Amino acid sequence: MKINSYFSDFLSDIRLTSSQKEDLKRGHETLRRRLNEYDDLKSIIVSTFLQGSYRRATAVRPLNGKRADVDIIVVTNLDRYNLTPQEAINKFIPFCDKYYKGKYKLQGRSIGIELSYVDLDIVVTAAPSEVDLAALKSRSVTTDLMLEDFGGNYEWRLSKGWSEPDFHKGYVYLSESVRSEPEWKINPLWIPDRDAEEWVETHPLEQIRWTRDKNKNTNGHYVNVVKALKWWRTLKLTNLKYPKGYPIEHMIGDCCPDNITSVAEGVCKTMEAIIAKYQIQHLLGTTPVLPDRGVPTHNVWKRVSPDDFAEFYESVQEYSKIAREAFEADKLKTQVTKWRELFGEKFPPYEGNEEEESKSRNLTAPLGGFTPRKESSDVTPKRFA
């Protein structure tokens, strides 16, 4: 058993379960259907689509009794020049009272709904530009599929000709005409910020597209590196409020090298890159500024205090040494033991035979040296490979 198969089992155990995915699907489909059928909202809703870690395939299984969550963008034709953020949100309160009374609360930039089986976030946007309307109604935007559902033969694209693959077919592929079709360059959307009493820009579709491209550049390992490190953060840094969620994912994206050949390599080199890239901020006692993918004027780390950043950084320093030892160890048992120090009991225990592995190493090792692991891995589940 090679280390990649251990990672495969580990990732299977930290991904959302089939049951959790079904709950999310049931929750967001019901919500979107009710929104589209609600008489007082029919005339203002242009489109709805999913965003967040669920859509990007970077979500991990919630711990400590928490529920899985999904964000639903509701594109409207509301005029942000004539409505305050509170007035825009108020238009959705009768709907929430009818279907989710006692289960929702107004948040700074969204309406949070807590059900017994799933959490939902409604994110209302103002009217998009006329040139973006067709794109925002297209199937490439409104699809329910996650990035992880696709493989090399069929990728998600933000373009007019893209459609969902037919899962009844044994083999599916994206036509060359759609692959070569230019993608839409959609403008950021505007969402109401009730706390700041202003409309602010957001660009979830650009975050999805960036994640798709990064995953391709890392041989399909990026979303799994994100999941592994988000799991490490949740498991090991329990007293740290920030950073969490997307800010962590964003930093991983900035630091994960392209062309990695395994999740193990990605985790090890990403932690080391974080240490190198943000050394100055740590020395100066400041927090790094990480511009958002689609709205560069937004700093996605603005909530993180210098003290929280320092604690996070020093934890990365501590555990990166373990990751390097795990990555370079020649014995499988040592690799497994070290990775379990990072990822806890979800990483499978060693199940091999040390004597047989020693014989194997002696047969394959060059004289006087360590044999680097060259195995490749593909630990990403795909519905449409």
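Quick caveat: nothing in here was measured; it's all calculated off a predicted structure.

### As for unusual backbone geometry
Thought 1: Cis geometry is adopted by the peptide bond preceding Pro243, which originates at Tyr242 and carries an omega value of 0°.
Thought 2: Positionally, Pro243 belongs in the loop between helix H11 (222-236) and helix H12 (246-255).
Thought 3: At Glu197, a residue that is not glycine, the phi angle is positive and equals roughly 55°.
Thought 4: Tracing the sequence through the fold places Glu197 in the loop between strand E6 (189-193) and strand E7 (198-202).
Thought 5: One non-glycine residue, Asn219, lies in the positive phi region at around 60°.
Thought 6: Counting through the fold element by element, Asn219 comes out in the loop between helix H10 (204-217) and H11.

### A word on H10
Thought 1: Helix length check: H10 (14 residues) gives 20 Å between terminal C-alpha atoms against 20 Å at 1.5 Å per residue, within 8%.
Thought 2: Within H10, 10 of the 14 residues are buried, leaving the element largely enclosed by the surrounding structure.
Thought 3: Here H10 has its buried residues at Pro204, Leu205, Glu206, Gln207, Ile208, Arg209, Thr211, Arg212, Lys214 and Asn215.
Thought 4: At the exit of H10 stands Asn219, carrying a positive phi of roughly 60°.

### Considering the environment of Phe309
Thought 1: You can see Phe309 is positioned in helix H15 (residues 306-328).
Thought 2: Classification of Phe309 as buried rests on a relative accessible area of 0%.
Thought 3: The spatial distance from the C-alpha of Phe309 to the C-alpha of His282 is 7.7 Å, given a sequence separation of 27 residues.
Thought 4: The residues touching Phe309, leaving out its near neighbours within four places in the chain, are Tyr278, Gln281, His282, Thr286, Thr287, Pro288, Trp301 and Val304.

### Remarks on the sheet that holds strand E2 (residues 69-76)
Pairing between the strands of a sheet is mediated by backbone hydrogen bonds and can be parallel or antiparallel.
Thought 1: Overall, mixed pairing links the five strands, which are arranged E1-E2-E5-E4-E3 in an open sheet. Edge positions in the open sheet fall to strand E1 (45-51) and strand E3 (104-106), since each of these has one partner strand only. Along the sheet, successive strands turn relative to each other by an average axial angle of 20°, direction set aside.
Thought 2: Bridge analysis of strand E4 (residues 111-114) against strand E5 (residues 119-125) gives four bridges, and the strand direction is antiparallel. Bridge assignment links Glu114 to a residue of E5, and that residue is Asp119.
Thought 3: Against the sheet, helix H6 (residues 93-100) makes contact with E3, E4 and E5, and its axis sits at roughly 160° relative to E3, the strand it touches most.

### Points about the pairing of E5
Thought 1: With six of its seven residues buried, E5 lies for the most part within the structure.
Thought 2: Between E4 and E5, which pair antiparallel in sequence order, lie four residues.

### Details of the pattern of salt bridges
Thought 1: The tally for this structure, following the rule as stated, stands at 25 salt bridges.
Thought 2: Between Lys216 and Glu155 there is a salt bridge; the shortest N-O distance is 3.2 Å. Here Lys216 is found in helix H10, whereas its partner Glu155 is found in the loop between helix H8 (139-142) and helix H9 (176-179), with 61 residues between them in sequence.
Thought 3: On the accessibility criterion, Glu155 (11% relative accessible area) is buried.
Thought 4: Here Arg212 and Glu183 are joined by a salt bridge, their closest N and O atoms 2.8 Å apart. Separated by 29 residues along the polypeptide, Arg212 in helix H10 and Glu183 in the loop between H9 and E6 bring together distant segments of the chain.
Thought 5: Of the residues examined, Arg212 reaches a relative accessible area of 8% and is grouped as buried.
Thought 6: Judged by its relative accessible area of 17%, Glu183 falls in the buried class.
Thought 7: Through salt bridges with shared partners, a single ionic network connects Arg15, Glu148 and Lys227.

### Remarks on helix H2 (residues 18-37)
Thought 1: Along its 20 residues, H2 runs 28 Å from first to last C-alpha, staying within 8% of the 28 Å computed at 1.5 Å per residue.
Thought 2: Buried within H2 are the following residues: Gln20, Asp23, Leu24, Gly27, His28, Thr30, Leu31, Arg32 and Leu35.

What counts, and at which threshold
- Residues numbered from 1 in each chain as written.
- Predicted model: local features only at pLDDT ≥ 70, side-chain atom pairs only at ≥ 80, totals over all residues.
- Heavy atoms only, no water.
- Helix = DSSP H or I, 4+ residues; strand = E, 2+ residues; numbered from the N terminus.
- Expected span 1.5 Å × (residues − 1).
- Buried < 20%, exposed > 50% of the residue type's maximum accessible area, 1.4 Å probe, protein only.
- Contact = heavy atoms within 4.5 Å.
- Pairing = 2+ DSSP bridges.
- Axes fitted to C-alpha atoms, helices over the stretch in contact; angles between N-to-C directions.
- Salt bridge = Lys/Arg side-chain N within 4 Å of Asp/Glu carboxyl O.

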